[in-house]
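Remarks on the overall topology
Single-letter residue listing:
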Amino acid sequence: MHGFNRPLGPIGSNVVAPLQTTSSGMMVTANKIVPGQESIDFKGYFKVESFPHNSVIYRYGDTTDRVYLLKSGRVRLMRVGKNGTRSVVSILRPGEIFGEVFRPEGTTIEEMAIASGEAEVWSIEGRDFRAQLEARPALALDVVRAYAERVRALRKRVLGLTFKEVPARLADTLLTLVEAHGERCPHGGETDLRGITQQDLADLVGASRSFVSTLINEMKRDGVLGNVGRILCVRDQKALRKIAGKEK
C-alpha cells in the first residue's frame with residue numbers, strides 16, 4: 001500500500017473525515033466531509049469485512065497489527081480472565097476506531113473484539129495508519145485528544161468503582177449507554193437500549209448479574225426503566241441522574 005498523498009476521491013465510503021472524540025473513546029465520522037477540515041483518502045487501504053453475531057474479530061494473544069473502524073453494527077471489547085471467563089469492558093457504536101494502535105512491537109493483543117449482531121468492519125494495516133498520522137499532524141493531534149478522552153472515561157469508571165455503590169454505578173452506566181447507543185422507543189417518551197444485555201451491564205459496573213437484575217427490577221417498579229420484550233427502555237433520565245450522583 002502506497003500513495004499517501006493521492007488526491008481525495010469522491011465523498012463516499014472510501015473517504016473518512018478526521019477523528020472526533022466521544023465519551024466512550026474515538027469517533028470517526030464516515031461518509032461526510034465537513035468543509036475546511038482535512039480529509040483522508042483511505043481508498044485502497046481498507047479491508048472491508050462483515051462479521052456475523054458473536055464472531056471474533058480478533059482475540060487475546062493475537063499479534064496482528066491492524067486498526068479497525070466499525071462501519072455498522074456493534075462490537076464488544078472483552079477481557080479474558082485466567083480461568084477463561086470473559087468480561088465486557090466496552091461496547092462500540094458505528095464510527096468508532098478500535099484495536100491497539102500503538103501497541104509495542106512484538107507484544108500481543110490483550111483484549112477480544114466480538115461482533116454484537118452483524119457488524120461491518122473496515123481495517124487498515126497499523127503501519128499505514130501510523131504513516132497517515134505522521135503525514136498529517138492535525139490528524140495525529142485528534143488521535144491524541146481521543147486517547148486522552150478515553151483515559152478520562154476510564155478514570156471516571158475507576159472513580160465510580162471507588163466512590164459509588166452499585167446502584168449509582170448502574171445509573172451512570174445506563175446514562176452513558178443512552179448517549180452512545182440509545183434509540184427513540186416507538187412507544188413514545190422512552191429511549192431503547194437495543195442489544196444491551198444484563199450481563200453487559202453487570203460487567204460494566206463490576207457487579208454480579210443477579211444483583212444488577214434485582215436493581216433493574218427495582219428501577220422498573222419505580223418507573224425509571226421499562227422494557228418491551230427483551231429491550232430495556234429508559235423512561236426517566238432525570239431520576240437516573242439523581243441516582244448516579246450519589247456517592248458512598
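Preceding block: the structure.
This text gives an overview of the structure that appears in the document.

1. Some thoughts on helix α2 (residues 137-163)
Compared with an ideal rise of 1.5 Å per residue, which puts 27 residues at 39 Å, α2 spans 38 Å between its outermost C-alpha atoms and is within 8% of the ideal. All of the buried residues along α2 are Leu139, Asp142, Val143, Ala146, Arg150 and Gly160.

2. Focus: the sheet that holds strand β10 (residues 183-184)
Either a parallel or an antiparallel arrangement is found when strands of a sheet pair, and the pairing is made through backbone hydrogen bonds. The sheet built from four strands is open, its strands ordered β10-β11-β13-β12 with antiparallel pairing. Each of the sheet's edge strands pairs with one partner strand only, and the pair in question is β10 and β12 (225-228). Where β12 lies against strand β13 (residues 231-234), four bridges are found, and the strand directions are antiparallel. Its bridge partner being in β13, Asn227 is matched across the sheet by Leu232.

3. Focus: helix α4 (residues 198-205)
In terms of burial, α4 is largely enclosed, as six of its eight residues are buried. Residues of α4 that are buried in the fold lie against β6 (66-80), β7 (86-92), α2, α3 (166-181), α5 (209-221) and β13. Note on α4: the residue one or two positions beyond its end, Gly206, has a positive phi of about 75°.

4. A closer look at the nonpolar core
Residues Leu170, Leu174, Leu193, Leu201, Leu225 and Leu240 are the most contacted members of the largest nonpolar core, which totals 29 residues. A per-element tally of this core places α3 first, with seven residues. Lining this core are residues from two domains, each supplying at least three of them: domain 1 (37-156) and domain 2 (163-243).

5. Describing a positive patch on the surface
Together, Lys238, Arg241, Lys242 and Lys246 line one region of the surface with positive charge. By the element assignment, Arg241 lies in helix α6 (residues 237-244).

6. A few points about the environment of His53
When you line up the elements, His53 lands in the loop between β4 (47-51) and β5 (56-58). What makes His53 partly exposed here is its relative accessible area of 49%. It is 9.4 Å that separates the C-alpha atoms of His53 and Arg74, two residues lying 21 residues apart in sequence. For His53, the residues in contact, after removing those within four places along its chain, are Ala115, Ser116, Gly117 and Glu118. One polar contact links the side chain of His53 to the main-chain amide nitrogen of Gly117, over a distance of 2.7 Å.

7. Remarks on unusual backbone geometry
It is generally the case that most residues other than glycine have a negative phi and that most peptide bonds are trans. If you check the backbone angles, Asn54 has positive phi at about 70° while not being a glycine. Relative to the elements of secondary structure, Asn54 occurs in the loop between β4 and β5. Here Asn54 falls in the exposed class, since its relative accessible area comes to 52%.

8. A short note on the state of the cysteines
Under the definition given, this model contains zero disulfides. No disulfide involves Cys185; its sulfur sits 4.3 Å from the nearest other cysteine sulfur, which is in Cys233. The buried category is assigned to Cys233, whose relative accessible area is 0%.

9. A few points about the packing of α3 against α5
Helix-helix packing is described using two parameters, namely the angle between the two axes and the distance between the axes. Two elements in contact, α3 and α5, have axes whose closest approach is 11 Å; the angle formed by their N-to-C orientations is 75°. If you check the angle between α3 and α5, you find them roughly perpendicular. Contact residues: Val166, Pro167, Leu170 and Leu174 in α3; Phe211, Val212, Leu215, Ile216 and Met219 in α5. For the contact of α3 with α5, the residue count by class is nine nonpolar, no polar and no charged.

10. Considerations on the packing of aromatic side chains
Using the criterion set out here, one finds four aromatic pairs in the structure. With a centroid separation of 5.2 Å and an interplanar angle of 40°, the aromatic rings of Tyr58 and Tyr68 are classed as tilted. Here Tyr58, found in strand β5, pairs with Tyr68, found in strand β6; they are 10 residues apart in sequence, far enough to count as distant. The same class applies to Tyr58 as to Tyr68, namely buried. Through a chain of ring-to-ring contacts, the aromatic side chains of Tyr58, Tyr68 and Phe98 assemble into a single cluster.

Conventions used here
- Residues numbered from 1 in each chain as written.
- Predicted model: local features only at pLDDT ≥ 70, side-chain atom pairs only at ≥ 80, totals over all residues.
- Heavy atoms only, no water.
- Helix = DSSP H or I, 4+ residues; strand = E, 2+ residues; numbered from the N terminus.
- Expected span 1.5 Å × (residues − 1).
- Buried < 20%, exposed > 50% of the residue type's maximum accessible area, 1.4 Å probe, protein only.
- Pairing = 2+ DSSP bridges.
- Contact = heavy atoms within 4.5 Å.
- Core = buried A, V, L, I, M, F, W, Y, C linked by side-chain atoms within 4.5 Å.
- Domains from an automatic or database assignment.
- Patch = residues over 30% accessible without salt bridge, like charges linked within 9 Å, V, L, I, M, F, W, Y side chains within 5 Å.
- Areas by Shrake-Rupley, 256 points an atom, 1.4 Å probe, with all protein chains shown as cover.
- Salt bridge = Lys/Arg side-chain N within 4 Å of Asp/Glu carboxyl O.
- Lys, Arg positive; Asp, Glu negative; His and termini not counted.
- Charge placed at Lys NZ, Arg CZ, Asp CG, Glu CD.
- Polar contact = N/O pair within 3.5 Å; in protein donor to acceptor, adjacent residues only side chain to side chain.
- Disulfide = S-S within 2.5 Å.
- Axes fitted to C-alpha atoms, helices over the stretch in contact; angles between N-to-C directions.
- Parallel < 35°, antiparallel > 145°, perpendicular 65-115°, else oblique.
- Nonpolar A, V, L, I, M, F, W, Y, C, P; charged D, E, K, R; others polar.
- Phe/Tyr/Trp six-rings, centres within 6.5 Å; stacked < 30°, edge-to-face > 60°.

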